[in-house]
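Here is how the chains run, residue by residue.
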Amino acid sequence: MKRFLLAALCLVCMTAQGWAQSLSNWHENPTTSAATNGAITATSFTCQNAAACVLSTLIQYSPSWARAKERTLLLRLEDTVSVKDFGAKGDGTTNDDAAIQNALTAICAHSPSPGGELFFPAGDYVISASAGHSIPCAGVTIRGTGGGAHQPGGSRFVVRGSGNASLFQFNMPVPAGDKYFYGGRLTSVAFTFANTPEAVTQTGYAVEFDHCAGCLVDHVYSYGAYNLFKAYSGFKNRFHDFYAKQMASSPALHDGYAVAFTGDYCASGPGGCATRGDVTEIFDFHVDEMLSSARGFVPGSCIHLSGFAATTWIRHGTCNQPSIGLKIDCPNAIQIGECPQFIHIDRMETEINALNNVDRSACLDSTDLVHLEAYSFQCFGYNRPDNLIRIVASGAFAGAGHVEFYGGKVEGAAGSCVTFAAKDFKFIGGDIMGCNQRRAAYSRSADTFGILLQAQADGVGADSGSFVVSGVNFCGGSDRTSTTAMGAVRIDPKVAYGTITGNVFRGCAGGVADNSREKVNVVANNSGP
(Lines give C-alpha, C1' and ligand atoms only; values in the text may rest on other atoms or scores of the structure.)
Protein backbone atom coordinates (compact mmCIF):
# COMPACT_ATOMS: atom_id res chain seq x y z
CA MET A 1 0.00 0.00 0.00
CA LYS A 2 2.86 2.32 0.88
CA ARG A 3 4.48 1.84 -2.51
CA PHE A 4 1.14 2.38 -4.29
CA LEU A 5 0.59 5.69 -2.48
CA LEU A 6 4.10 6.88 -3.32
CA ALA A 7 3.66 5.95 -6.96
CA ALA A 8 0.32 7.75 -7.05
CA LEU A 9 1.88 10.80 -5.44
CA CYS A 10 4.62 10.72 -8.07
CA LEU A 11 2.06 10.67 -10.89
CA VAL A 12 0.10 13.55 -9.35
CA CYS A 13 3.23 15.68 -8.94
CA MET A 14 4.40 15.05 -12.46
CA THR A 15 0.98 15.79 -13.92
CA ALA A 16 0.42 18.90 -11.83
CA GLN A 17 3.73 20.45 -12.90
CA GLY A 18 3.29 19.47 -16.56
CA TRP A 19 6.41 17.33 -16.57
CA ALA A 20 5.59 14.02 -18.18
CA GLN A 21 9.06 12.67 -18.66
CA SER A 22 9.90 9.15 -17.58
CA LEU A 23 11.94 8.32 -14.52
CA SER A 24 14.42 6.51 -16.72
CA ASN A 25 15.73 9.90 -17.97
CA TRP A 26 16.47 11.28 -14.52
CA HIS A 27 20.24 11.55 -15.02
CA GLU A 28 20.48 12.85 -18.56
CA ASN A 29 22.82 15.83 -19.06
CA PRO A 30 25.48 14.82 -16.52
CA THR A 31 27.56 17.35 -14.62
CA THR A 32 30.35 16.82 -12.12
CA SER A 33 31.65 18.99 -9.32
CA ALA A 34 34.47 19.10 -6.84
CA ALA A 35 31.96 18.54 -4.09
CA THR A 36 31.03 15.13 -5.36
CA ASN A 37 34.44 14.28 -6.85
CA GLY A 38 32.72 13.11 -10.02
CA ALA A 39 30.34 10.79 -8.17
CA ILE A 40 27.09 9.85 -9.88
CA THR A 41 24.52 11.10 -7.34
CA ALA A 42 21.20 12.86 -7.41
CA THR A 43 22.93 16.23 -7.06
CA SER A 44 25.63 15.57 -9.67
CA PHE A 45 23.12 15.54 -12.54
CA THR A 46 20.89 18.22 -13.95
CA CYS A 47 17.45 16.78 -13.36
CA GLN A 48 15.03 17.10 -16.23
CA ASN A 49 12.15 16.39 -13.89
CA ALA A 50 12.32 17.71 -10.34
CA ALA A 51 9.53 15.49 -9.06
CA ALA A 52 11.21 12.45 -10.48
CA CYS A 53 14.50 13.36 -8.85
CA VAL A 54 12.93 13.78 -5.45
CA LEU A 55 10.73 10.73 -5.60
CA SER A 56 13.47 8.44 -6.93
CA THR A 57 15.17 8.90 -3.56
CA LEU A 58 11.96 7.99 -1.74
CA ILE A 59 10.51 5.08 -3.70
CA GLN A 60 11.84 1.82 -2.35
CA TYR A 61 12.79 -0.98 -4.72
CA SER A 62 12.68 -4.56 -3.44
CA PRO A 63 11.24 -7.31 -5.66
CA SER A 64 9.27 -9.78 -3.56
CA TRP A 65 10.84 -12.80 -5.24
CA ALA A 66 14.34 -11.72 -4.25
CA ARG A 67 13.74 -11.35 -0.50
CA ALA A 68 16.30 -8.60 -0.72
CA LYS A 69 16.97 -5.50 1.30
CA GLU A 70 15.07 -2.47 0.10
CA ARG A 71 16.99 0.20 -1.79
CA THR A 72 15.88 3.48 -3.29
CA LEU A 73 14.96 3.61 -6.96
CA LEU A 74 17.83 6.07 -7.37
CA LEU A 75 20.40 3.48 -6.29
CA ARG A 76 18.73 0.85 -8.42
CA LEU A 77 18.98 3.05 -11.53
CA GLU A 78 22.71 3.55 -10.91
CA ASP A 79 23.48 -0.19 -11.14
CA THR A 80 23.72 -0.07 -14.92
CA VAL A 81 24.31 3.09 -16.90
CA SER A 82 22.83 3.32 -20.41
CA VAL A 83 24.72 5.22 -23.07
CA LYS A 84 21.39 6.79 -23.97
CA ASP A 85 21.42 8.54 -20.60
CA PHE A 86 24.23 10.63 -22.09
CA GLY A 87 22.47 11.54 -25.30
CA ALA A 88 23.43 8.69 -27.63
CA LYS A 89 20.75 8.09 -30.24
CA GLY A 90 21.62 4.74 -31.82
CA ASP A 91 19.51 5.72 -34.81
CA GLY A 92 22.02 4.89 -37.54
CA THR A 93 22.29 8.57 -38.54
CA THR A 94 23.41 10.71 -35.61
CA ASN A 95 27.09 10.60 -34.69
CA ASP A 96 27.33 9.23 -31.13
CA ASP A 97 31.08 9.72 -30.50
CA ALA A 98 30.70 12.52 -27.95
CA ALA A 99 27.91 10.81 -26.03
CA ILE A 100 29.88 7.56 -25.80
CA GLN A 101 33.03 9.29 -24.57
CA ASN A 102 31.05 11.36 -22.05
CA ALA A 103 29.53 8.17 -20.68
CA LEU A 104 32.92 6.44 -20.36
CA THR A 105 34.44 9.51 -18.71
CA ALA A 106 31.59 9.77 -16.22
CA ILE A 107 31.80 6.09 -15.29
CA CYS A 108 35.53 6.43 -14.67
CA ALA A 109 34.93 9.56 -12.56
CA HIS A 110 32.53 7.70 -10.26
CA SER A 111 33.61 7.98 -6.63
CA PRO A 112 34.64 6.17 -4.52
CA SER A 113 34.64 3.21 -6.94
CA PRO A 114 35.29 4.11 -10.58
CA GLY A 115 34.22 1.72 -13.30
CA GLY A 116 31.04 -0.18 -13.97
CA GLU A 117 28.89 -1.29 -16.87
CA LEU A 118 27.96 0.89 -19.82
CA PHE A 119 24.96 -0.59 -21.59
CA PHE A 120 24.15 -0.06 -25.27
CA PRO A 121 20.48 -0.82 -25.96
CA ALA A 122 19.69 -2.25 -29.37
CA GLY A 123 20.44 0.26 -32.10
CA ASP A 124 22.97 1.41 -34.69
CA TYR A 125 25.51 3.72 -33.05
CA VAL A 126 27.40 5.80 -35.61
CA ILE A 127 31.04 6.39 -34.69
CA SER A 128 33.97 7.92 -36.54
CA ALA A 129 36.98 5.93 -37.76
CA SER A 130 39.20 8.85 -36.76
CA ALA A 131 37.87 9.58 -33.27
CA GLY A 132 38.42 6.62 -30.96
CA HIS A 133 37.11 6.26 -27.43
CA SER A 134 39.33 6.04 -24.36
CA ILE A 135 38.43 3.90 -21.36
CA PRO A 136 40.67 5.59 -18.77
CA CYS A 137 39.98 3.38 -15.76
CA ALA A 138 39.89 -0.27 -14.81
CA GLY A 139 36.76 -2.35 -14.33
CA VAL A 140 34.66 -1.01 -17.21
CA THR A 141 32.34 -3.35 -19.13
CA ILE A 142 30.85 -2.25 -22.43
CA ARG A 143 27.83 -4.43 -23.10
CA GLY A 144 25.26 -4.63 -25.86
CA THR A 145 22.38 -6.92 -26.72
CA GLY A 146 24.19 -9.07 -29.29
CA GLY A 147 23.23 -9.26 -32.94
CA GLY A 148 25.08 -9.53 -36.24
CA ALA A 149 27.27 -7.00 -38.00
CA HIS A 150 26.04 -7.25 -41.58
CA GLN A 151 22.33 -6.91 -40.90
CA PRO A 152 20.16 -4.79 -38.59
CA GLY A 153 19.41 -6.03 -35.09
CA GLY A 154 21.08 -5.86 -31.71
CA SER A 155 23.74 -3.35 -30.70
CA ARG A 156 25.92 -2.28 -33.64
CA PHE A 157 28.69 0.27 -34.03
CA VAL A 158 28.51 1.65 -37.57
CA VAL A 159 31.90 3.09 -38.50
CA ARG A 160 31.90 6.13 -40.79
CA GLY A 161 34.61 8.18 -42.46
CA SER A 162 38.32 7.46 -42.78
CA GLY A 163 40.89 6.97 -40.03
CA ASN A 164 43.16 4.66 -38.08
CA ALA A 165 42.02 5.26 -34.50
CA SER A 166 41.39 2.35 -32.16
CA LEU A 167 37.64 2.64 -31.66
CA PHE A 168 37.66 1.46 -28.03
CA GLN A 169 41.00 1.68 -26.26
CA PHE A 170 41.34 0.37 -22.72
CA ASN A 171 44.33 2.49 -21.71
CA MET A 172 44.19 3.42 -18.06
CA PRO A 173 47.55 4.82 -16.86
CA VAL A 174 49.38 2.06 -15.01
CA PRO A 175 49.59 2.80 -11.26
CA ALA A 176 53.02 3.36 -9.78
CA GLY A 177 54.67 0.16 -8.63
CA ASP A 178 52.65 -2.07 -10.95
CA LYS A 179 52.96 -3.24 -14.56
CA TYR A 180 49.26 -3.39 -15.37
CA PHE A 181 45.82 -2.08 -14.69
CA TYR A 182 43.23 -4.75 -13.96
CA GLY A 183 40.05 -5.62 -15.77
CA GLY A 184 37.98 -4.42 -18.70
CA ARG A 185 35.51 -6.02 -21.07
CA LEU A 186 33.62 -5.50 -24.32
CA THR A 187 30.84 -7.97 -25.03
CA SER A 188 27.73 -8.67 -27.09
CA VAL A 189 28.15 -5.96 -29.72
CA ALA A 190 28.85 -5.79 -33.45
CA PHE A 191 31.07 -3.56 -35.61
CA THR A 192 30.22 -2.67 -39.20
CA PHE A 193 33.03 -1.10 -41.23
CA ALA A 194 32.74 0.53 -44.66
CA ASN A 195 35.92 -1.01 -46.12
CA THR A 196 35.76 -2.66 -49.54
CA PRO A 197 38.33 -4.43 -51.74
CA GLU A 198 38.52 -1.25 -53.80
CA ALA A 199 39.15 1.09 -50.85
CA VAL A 200 40.32 0.28 -47.32
CA THR A 201 40.08 3.58 -45.43
CA GLN A 202 39.22 2.44 -41.88
CA THR A 203 42.36 0.75 -40.53
CA GLY A 204 42.20 1.17 -36.75
CA TYR A 205 41.46 -1.67 -34.34
CA ALA A 206 37.94 -2.07 -33.04
CA VAL A 207 39.29 -2.86 -29.55
CA GLU A 208 42.75 -2.38 -28.07
CA PHE A 209 44.11 -3.31 -24.64
CA ASP A 210 47.26 -1.52 -23.46
CA HIS A 211 48.97 -2.90 -20.32
CA CYS A 212 45.79 -4.58 -19.09
CA ALA A 213 45.62 -7.68 -16.93
CA GLY A 214 42.43 -9.67 -17.23
CA CYS A 215 40.77 -7.79 -20.06
CA LEU A 216 38.25 -9.61 -22.23
CA VAL A 217 36.51 -9.39 -25.60
CA ASP A 218 33.74 -11.91 -26.21
CA HIS A 219 30.63 -12.48 -28.32
CA VAL A 220 31.56 -9.82 -30.85
CA TYR A 221 30.67 -9.82 -34.54
CA SER A 222 32.32 -7.66 -37.17
CA TYR A 223 31.97 -7.00 -40.86
CA GLY A 224 34.58 -5.40 -43.12
CA ALA A 225 37.30 -4.75 -40.52
CA TYR A 226 40.91 -4.30 -41.63
CA ASN A 227 42.27 -4.70 -38.09
CA LEU A 228 40.01 -5.98 -35.33
CA PHE A 229 41.58 -6.69 -31.90
CA LYS A 230 44.94 -5.87 -30.34
CA ALA A 231 46.59 -6.62 -27.00
CA TYR A 232 49.79 -4.74 -26.23
CA SER A 233 51.76 -5.88 -23.19
CA GLY A 234 49.50 -6.95 -20.32
CA PHE A 235 48.69 -10.29 -18.74
CA LYS A 236 45.94 -12.92 -19.11
CA ASN A 237 43.83 -11.18 -21.73
CA ARG A 238 41.27 -13.13 -23.74
CA PHE A 239 39.53 -12.88 -27.12
CA HIS A 240 36.87 -15.52 -27.63
CA ASP A 241 33.53 -16.30 -29.23
CA PHE A 242 33.95 -13.79 -32.03
CA TYR A 243 33.06 -13.89 -35.71
CA ALA A 244 35.08 -11.62 -37.99
CA LYS A 245 33.15 -11.70 -41.24
CA GLN A 246 34.71 -10.45 -44.49
CA MET A 247 37.94 -9.00 -43.13
CA ALA A 248 38.92 -6.28 -45.61
CA SER A 249 41.97 -5.93 -47.81
CA SER A 250 42.92 -4.17 -51.04
CA PRO A 251 45.75 -4.10 -53.57
CA ALA A 252 47.27 -1.18 -51.65
CA LEU A 253 46.66 -2.44 -48.08
CA HIS A 254 46.79 -6.11 -47.14
CA ASP A 255 48.62 -6.43 -43.82
CA GLY A 256 45.66 -6.27 -41.44
CA TYR A 257 44.91 -8.91 -38.79
CA ALA A 258 41.88 -10.10 -36.86
CA VAL A 259 43.99 -10.40 -33.66
CA ALA A 260 47.41 -8.93 -32.89
CA PHE A 261 49.34 -9.68 -29.68
CA THR A 262 52.56 -7.72 -29.22
CA GLY A 263 55.11 -6.72 -26.61
CA ASP A 264 58.43 -4.87 -26.57
CA TYR A 265 61.85 -5.78 -25.24
CA CYS A 266 63.35 -4.01 -22.23
CA ALA A 267 66.91 -2.75 -22.17
CA SER A 268 67.14 -4.03 -18.59
CA GLY A 269 66.28 -7.58 -19.70
CA PRO A 270 63.17 -9.78 -19.50
CA GLY A 271 62.82 -9.82 -15.70
CA GLY A 272 60.15 -7.36 -14.55
CA CYS A 273 59.75 -5.94 -18.05
CA ALA A 274 56.68 -3.67 -18.10
CA THR A 275 56.27 -3.92 -21.88
CA ARG A 276 56.20 -7.71 -21.94
CA GLY A 277 52.99 -9.34 -23.07
CA ASP A 278 52.17 -12.50 -21.15
CA VAL A 279 49.36 -15.05 -21.51
CA THR A 280 46.86 -14.17 -24.19
CA GLU A 281 44.05 -16.59 -25.09
CA ILE A 282 42.34 -16.67 -28.50
CA PHE A 283 39.64 -19.31 -28.80
CA ASP A 284 36.26 -20.27 -30.24
CA PHE A 285 36.45 -17.94 -33.22
CA HIS A 286 35.89 -17.73 -36.96
CA VAL A 287 37.57 -15.31 -39.35
CA ASP A 288 36.90 -15.07 -43.07
CA GLU A 289 38.29 -12.72 -45.70
CA MET A 290 36.94 -10.60 -48.50
CA LEU A 291 38.13 -11.77 -51.91
CA SER A 292 38.43 -9.84 -55.15
CA SER A 293 39.57 -10.38 -58.72
CA ALA A 294 41.12 -6.90 -58.80
CA ARG A 295 44.66 -6.79 -60.10
CA GLY A 296 47.18 -7.07 -57.27
CA PHE A 297 44.58 -7.91 -54.62
CA VAL A 298 45.94 -9.85 -51.62
CA PRO A 299 43.66 -11.14 -48.84
CA GLY A 300 44.22 -9.98 -45.27
CA SER A 301 45.55 -12.19 -42.47
CA CYS A 302 44.26 -13.82 -39.31
CA ILE A 303 46.56 -13.71 -36.22
CA HIS A 304 49.87 -11.93 -35.57
CA LEU A 305 52.23 -12.58 -32.64
CA SER A 306 55.15 -10.19 -32.52
CA GLY A 307 57.99 -9.20 -30.22
CA PHE A 308 57.93 -9.94 -26.50
CA ALA A 309 54.62 -11.87 -26.63
CA ALA A 310 55.03 -14.66 -24.12
CA THR A 311 52.54 -17.50 -23.81
CA THR A 312 49.70 -17.58 -26.31
CA TRP A 313 46.93 -20.18 -26.36
CA ILE A 314 45.02 -20.52 -29.64
CA ARG A 315 42.30 -23.13 -29.81
CA HIS A 316 39.10 -24.09 -31.59
CA GLY A 317 39.28 -21.49 -34.34
CA THR A 318 39.03 -21.21 -38.11
CA CYS A 319 40.74 -18.78 -40.47
CA ASN A 320 39.07 -18.93 -43.87
CA GLN A 321 40.87 -17.62 -46.99
CA PRO A 322 43.49 -15.34 -45.35
CA SER A 323 46.85 -14.75 -46.96
CA ILE A 324 48.53 -15.76 -43.67
CA GLY A 325 46.86 -17.77 -40.94
CA LEU A 326 49.36 -17.24 -38.11
CA LYS A 327 52.29 -14.82 -38.46
CA ILE A 328 55.06 -14.92 -35.83
CA ASP A 329 58.06 -12.59 -35.81
CA CYS A 330 60.52 -10.90 -33.49
CA PRO A 331 61.84 -7.73 -35.16
CA ASN A 332 63.36 -5.71 -32.28
CA ALA A 333 64.45 -8.10 -29.51
CA ILE A 334 67.98 -8.13 -28.13
CA GLN A 335 67.84 -11.78 -27.02
CA ILE A 336 65.78 -14.85 -27.91
CA GLY A 337 63.99 -14.77 -24.56
CA GLU A 338 62.17 -11.65 -25.73
CA CYS A 339 60.63 -13.33 -28.77
CA PRO A 340 57.22 -15.06 -29.04
CA GLN A 341 57.32 -18.16 -26.86
CA PHE A 342 55.23 -20.92 -25.30
CA ILE A 343 52.67 -20.89 -28.11
CA HIS A 344 50.02 -23.59 -27.80
CA ILE A 345 47.64 -24.39 -30.68
CA ASP A 346 44.76 -26.82 -30.34
CA ARG A 347 42.44 -27.61 -33.27
CA MET A 348 42.99 -24.53 -35.40
CA GLU A 349 41.90 -24.78 -39.03
CA THR A 350 43.41 -22.47 -41.64
CA GLU A 351 42.46 -22.42 -45.31
CA ILE A 352 44.79 -19.88 -46.89
CA ASN A 353 44.43 -18.16 -50.24
CA ALA A 354 47.69 -17.30 -52.00
CA LEU A 355 46.04 -14.97 -54.49
CA ASN A 356 48.77 -12.68 -55.90
CA ASN A 357 51.01 -13.60 -52.95
CA VAL A 358 52.32 -17.15 -53.46
CA ASP A 359 55.73 -16.51 -51.90
CA ARG A 360 54.45 -14.95 -48.65
CA SER A 361 51.17 -16.75 -48.10
CA ALA A 362 51.22 -19.54 -45.48
CA CYS A 363 49.12 -21.16 -42.78
CA LEU A 364 52.01 -20.59 -40.36
CA ASP A 365 54.88 -18.22 -41.13
CA SER A 366 57.41 -17.80 -38.33
CA THR A 367 60.78 -16.12 -37.90
CA ASP A 368 62.52 -16.43 -34.51
CA LEU A 369 60.06 -17.99 -32.12
CA VAL A 370 61.13 -19.77 -28.93
CA HIS A 371 58.67 -22.66 -28.60
CA LEU A 372 55.46 -23.77 -30.30
CA GLU A 373 53.36 -26.90 -30.00
CA ALA A 374 50.34 -27.59 -32.19
CA TYR A 375 47.70 -30.31 -31.84
CA SER A 376 45.45 -31.20 -34.78
CA PHE A 377 46.57 -28.20 -36.83
CA GLN A 378 44.56 -28.24 -40.06
CA CYS A 379 46.20 -26.41 -42.96
CA PHE A 380 44.99 -26.18 -46.55
CA GLY A 381 46.29 -24.05 -49.42
CA TYR A 382 44.44 -22.52 -52.36
CA ASN A 383 45.95 -20.82 -55.41
CA ARG A 384 49.17 -22.77 -54.85
CA PRO A 385 51.20 -21.04 -52.12
CA ASP A 386 54.91 -21.89 -52.30
CA ASN A 387 54.78 -23.46 -48.82
CA LEU A 388 52.17 -23.96 -46.13
CA ILE A 389 54.28 -23.97 -42.96
CA ARG A 390 57.53 -21.97 -42.84
CA ILE A 391 59.61 -21.88 -39.67
CA VAL A 392 62.93 -20.05 -39.81
CA ALA A 393 65.61 -18.92 -37.38
CA SER A 394 67.11 -15.70 -38.76
CA GLY A 395 70.51 -16.28 -37.19
CA ALA A 396 70.18 -13.28 -34.89
CA PHE A 397 69.79 -15.50 -31.81
CA ALA A 398 71.13 -18.83 -30.65
CA GLY A 399 68.62 -21.60 -29.94
CA ALA A 400 65.61 -20.21 -31.80
CA GLY A 401 62.84 -22.49 -32.93
CA HIS A 402 61.56 -25.46 -30.90
CA VAL A 403 58.48 -26.67 -32.79
CA GLU A 404 56.21 -29.70 -32.29
CA PHE A 405 53.20 -30.86 -34.34
CA TYR A 406 50.90 -33.67 -33.18
CA GLY A 407 48.34 -34.93 -35.67
CA GLY A 408 46.49 -32.64 -38.02
CA LYS A 409 46.59 -32.33 -41.77
CA VAL A 410 48.71 -30.24 -44.19
CA GLU A 411 47.72 -30.18 -47.86
CA GLY A 412 48.08 -28.05 -50.98
CA ALA A 413 51.44 -26.34 -51.67
CA ALA A 414 53.17 -25.55 -54.97
CA GLY A 415 56.49 -26.66 -53.48
CA SER A 416 57.32 -28.40 -50.21
CA CYS A 417 54.44 -28.25 -47.73
CA VAL A 418 56.56 -27.77 -44.59
CA THR A 419 59.95 -26.03 -44.54
CA PHE A 420 61.96 -25.89 -41.33
CA ALA A 421 65.27 -24.11 -40.70
CA ALA A 422 65.51 -23.68 -36.94
CA LYS A 423 66.53 -25.75 -33.90
CA ASP A 424 64.22 -28.62 -32.83
CA PHE A 425 61.43 -30.12 -34.93
CA LYS A 426 58.84 -32.83 -34.33
CA PHE A 427 55.96 -33.97 -36.50
CA ILE A 428 54.13 -36.89 -34.92
CA GLY A 429 51.10 -38.40 -36.63
CA GLY A 430 48.74 -36.72 -39.05
CA ASP A 431 48.76 -36.33 -42.83
CA ILE A 432 50.96 -34.35 -45.24
CA MET A 433 49.83 -34.53 -48.85
CA GLY A 434 49.12 -32.56 -52.00
CA CYS A 435 52.58 -30.95 -52.04
CA ASN A 436 54.48 -30.05 -55.27
CA GLN A 437 51.36 -28.87 -57.03
CA ARG A 438 53.51 -27.07 -59.58
CA ARG A 439 54.31 -30.62 -60.76
CA ALA A 440 58.07 -30.16 -60.81
CA ALA A 441 60.10 -33.26 -61.57
CA TYR A 442 60.99 -35.15 -58.42
CA SER A 443 64.65 -35.20 -57.36
CA ARG A 444 66.54 -35.52 -54.08
CA SER A 445 67.41 -31.81 -54.16
CA ALA A 446 64.15 -30.34 -55.46
CA ASP A 447 61.55 -28.34 -53.55
CA THR A 448 59.02 -31.14 -53.93
CA PHE A 449 58.70 -32.71 -50.45
CA GLY A 450 56.21 -32.98 -47.63
CA ILE A 451 58.84 -31.84 -45.11
CA LEU A 452 62.05 -30.00 -46.01
CA LEU A 453 64.63 -29.80 -43.18
CA GLN A 454 67.28 -27.13 -43.83
CA ALA A 455 70.22 -25.51 -42.07
CA GLN A 456 69.55 -22.32 -40.16
CA ALA A 457 70.24 -18.97 -41.78
CA ASP A 458 73.39 -18.56 -39.69
CA GLY A 459 74.78 -21.81 -41.11
CA VAL A 460 74.19 -23.74 -37.90
CA GLY A 461 71.97 -26.68 -38.70
CA ALA A 462 69.73 -28.81 -36.57
CA ASP A 463 72.83 -30.59 -35.27
CA SER A 464 72.56 -28.08 -32.43
CA GLY A 465 69.07 -29.49 -31.87
CA SER A 466 67.16 -32.51 -33.19
CA PHE A 467 64.27 -33.65 -35.35
CA VAL A 468 61.69 -36.45 -35.19
CA VAL A 469 59.18 -37.43 -37.88
CA SER A 470 57.03 -40.41 -36.94
CA GLY A 471 53.63 -41.90 -37.70
CA VAL A 472 52.86 -39.51 -40.57
CA ASN A 473 50.87 -40.47 -43.64
CA PHE A 474 52.58 -38.84 -46.64
CA CYS A 475 51.30 -38.39 -50.22
CA GLY A 476 48.19 -40.22 -51.41
CA GLY A 477 46.03 -37.12 -51.03
CA SER A 478 43.01 -35.95 -52.93
CA ASP A 479 45.04 -34.51 -55.82
CA ARG A 480 46.60 -37.70 -57.13
CA THR A 481 48.15 -36.11 -60.21
CA SER A 482 50.40 -33.87 -58.13
CA THR A 483 51.08 -36.06 -55.13
CA THR A 484 52.65 -38.75 -57.30
CA ALA A 485 55.54 -36.33 -57.95
CA MET A 486 55.99 -35.60 -54.25
CA GLY A 487 58.66 -36.91 -51.92
CA ALA A 488 58.18 -37.42 -48.19
CA VAL A 489 61.15 -35.85 -46.33
CA ARG A 490 64.33 -34.09 -47.47
CA ILE A 491 67.24 -33.66 -45.05
CA ASP A 492 69.85 -31.08 -46.05
CA PRO A 493 73.53 -30.83 -45.01
CA LYS A 494 74.25 -29.75 -41.40
CA VAL A 495 70.90 -31.16 -40.22
CA ALA A 496 71.58 -33.94 -37.73
CA TYR A 497 70.46 -35.90 -34.67
CA GLY A 498 67.16 -36.93 -36.17
CA THR A 499 64.87 -39.94 -36.39
CA ILE A 500 62.43 -40.67 -39.19
CA THR A 501 60.52 -43.84 -38.44
CA GLY A 502 57.12 -45.50 -38.65
CA ASN A 503 55.78 -43.33 -41.49
CA VAL A 504 53.69 -44.32 -44.51
CA PHE A 505 54.86 -43.17 -47.97
CA ARG A 506 51.86 -44.35 -49.99
CA GLY A 507 51.94 -43.00 -53.55
CA CYS A 508 55.11 -40.94 -53.01
CA ALA A 509 57.67 -40.51 -55.78
CA GLY A 510 60.34 -40.89 -53.09
CA GLY A 511 60.63 -41.49 -49.37
CA VAL A 512 63.47 -39.86 -47.39
CA ALA A 513 66.15 -37.97 -49.32
CA ASP A 514 68.93 -37.81 -46.74
CA ASN A 515 71.49 -35.38 -48.16
CA SER A 516 73.04 -34.66 -44.78
CA ARG A 517 75.65 -37.47 -44.72
CA GLU A 518 75.27 -37.42 -40.95
CA LYS A 519 75.77 -40.78 -39.24
CA VAL A 520 73.63 -39.71 -36.29
CA ASN A 521 70.46 -39.59 -38.38
CA VAL A 522 68.22 -42.67 -38.24
CA VAL A 523 65.80 -43.55 -41.06
CA ALA A 524 64.04 -46.86 -40.42
CA ASN A 525 60.81 -48.84 -40.43
CA ASN A 526 58.93 -46.67 -42.92
CA SER A 527 56.42 -48.12 -45.36
CA GLY A 528 56.92 -47.19 -49.02
CA PRO A 529 59.74 -46.10 -51.35
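Procedures and definitions
Residues numbered from 1 in each chain as written. Predicted model: local features only at pLDDT ≥ 70, side-chain atom pairs only at ≥ 80, totals over all residues. Heavy atoms only, no water. Helix = DSSP H or I, 4+ residues; strand = E, 2+ residues; numbered from the N terminus. Buried < 20%, exposed > 50% of the residue type's maximum accessible area, 1.4 Å probe, protein only. Contact = heavy atoms within 4.5 Å. Areas by Shrake-Rupley, 256 points an atom, 1.4 Å probe, with all protein chains shown as cover. Core = buried A, V, L, I, M, F, W, Y, C linked by side-chain atoms within 4.5 Å. Pairing = 2+ DSSP bridges. Phe/Tyr/Trp six-rings, centres within 6.5 Å; stacked < 30°, edge-to-face > 60°. Disulfide = S-S within 2.5 Å.

Draft legend 1. Structural view of the overall build of the chain. When helices and strands are counted, the chain shows 5 helices and 37 strands. Out of the 529 residues belonging to the chain, those deemed buried represent 54%. A separation of at least 24 residues holds for 71% of the contacts in the chain among residues at least 6 apart in sequence. Only carbon and sulfur atoms are counted for the fraction: they give 54% of the accessible area of the chain, which is about 20,400 Å².

Draft legend 2. Up close: the nonpolar core. Grouped together as the largest cluster of nonpolar side chains are 109 residues, with contacts concentrated most on Phe 191, Ile 432 and Phe 474. Here this core gets 7 residues from one element, more than from any other, and that element is helix α4 (residues 97-108). With sequence-adjacent residues up to four places away left out, Phe 191 is seen in contact with Ala 149, Phe 157, Leu 167, Phe 168, Leu 186, Ala 206, Val 207, Val 220, Tyr 221, Ser 222 and Tyr 223.

Draft legend 3. Quick peek at unusual backbone geometry. Here His 219, not a glycine, exhibits a phi torsion of approximately 50 degrees, which is positive. Along the chain, His 219 falls in strand β13 (residues 212-223). Its relative accessible area of 39% is what places His 219 among the partly exposed residues. At Asn 356, a residue that is not glycine, the phi angle is positive and equals roughly 60 degrees. Within the secondary structure, Asn 356 is located in the loop between β21 (341-353) and β22 (362-367).

Draft legend 4. Seen up close, the pairing of β13. Sheet topology note: the strand β11 (residues 181-192)/β13 ladder contains 10 bridges and is parallel. In the sheet register, Tyr 182 faces β13, and the bridge partner there is Ala 213. Pairing analysis gives 8 bridges linking β13 to strand β15 (residues 235-247), with the strands arranged parallel. Bridge pairing in β15 places Tyr 221 opposite Tyr 243.

Draft legend 5. View of the packing of aromatic side chains. Applying the stated criterion across every chain yields a total of 22 aromatic pairs. On the basis of an interplanar angle of 15 degrees and a centroid distance of 5.5 Å, the ring pair of Phe 229 and Phe 239 is categorised as stacked. Placement of the pair is Phe 229 in strand β14 (residues 229-232) and Phe 239 in strand β15, with a sequence separation of 10 residues. Among the residues examined, Phe 239 registers a relative accessible area of 0% and is labelled buried.

Draft legend 6. Looking closely at the environment of His 371. Its location among the elements puts His 371 in strand β23 (residues 371-375). Distance in space between the C-alpha atoms of His 371 and Glu 404 is 8.3 Å, their sequence separation being 33 residues. When residues no more than four places from it in sequence are discounted, the contact partners of His 371 are Pro 340, Gln 341, Phe 342, Ile 343, His 402 and Glu 404.

Draft legend 7. Spatial organisation of the state of the cysteines. According to the stated counting rule, one finds 8 disulfides in the structure shown. Across the disulfide, Cys 108 is cross-linked to Cys 137 (sulfur-sulfur distance 2.1 Å). Measuring the twist about the S-S bond at about -75 degrees, one finds the Cys 108-Cys 137 disulfide to be left-handed. Taken together, the residues span a long stretch of sequence, with Cys 108 in helix α4 and Cys 137 in the loop between β7 (133-135) and β8 (140-143) at a distance of 29 residues. The exposure classification of Cys 108 matches that of Cys 137, with both residues buried. Sulfur-sulfur distance for the disulfide between Cys 417 and Cys 435 comes to 2.0 Å. With the S-S dihedral at roughly -110 degrees, the linkage between Cys 417 and Cys 435 falls on the left-handed side. With Cys 417 in the loop between β27 (409-411) and β28 (418-421) and Cys 435 in the loop between β30 (431-433) and β31 (449-453), this residue pair connects regions lying 18 residues apart in the sequence. Of the two residues examined, Cys 417 and Cys 435, each falls in the buried class.

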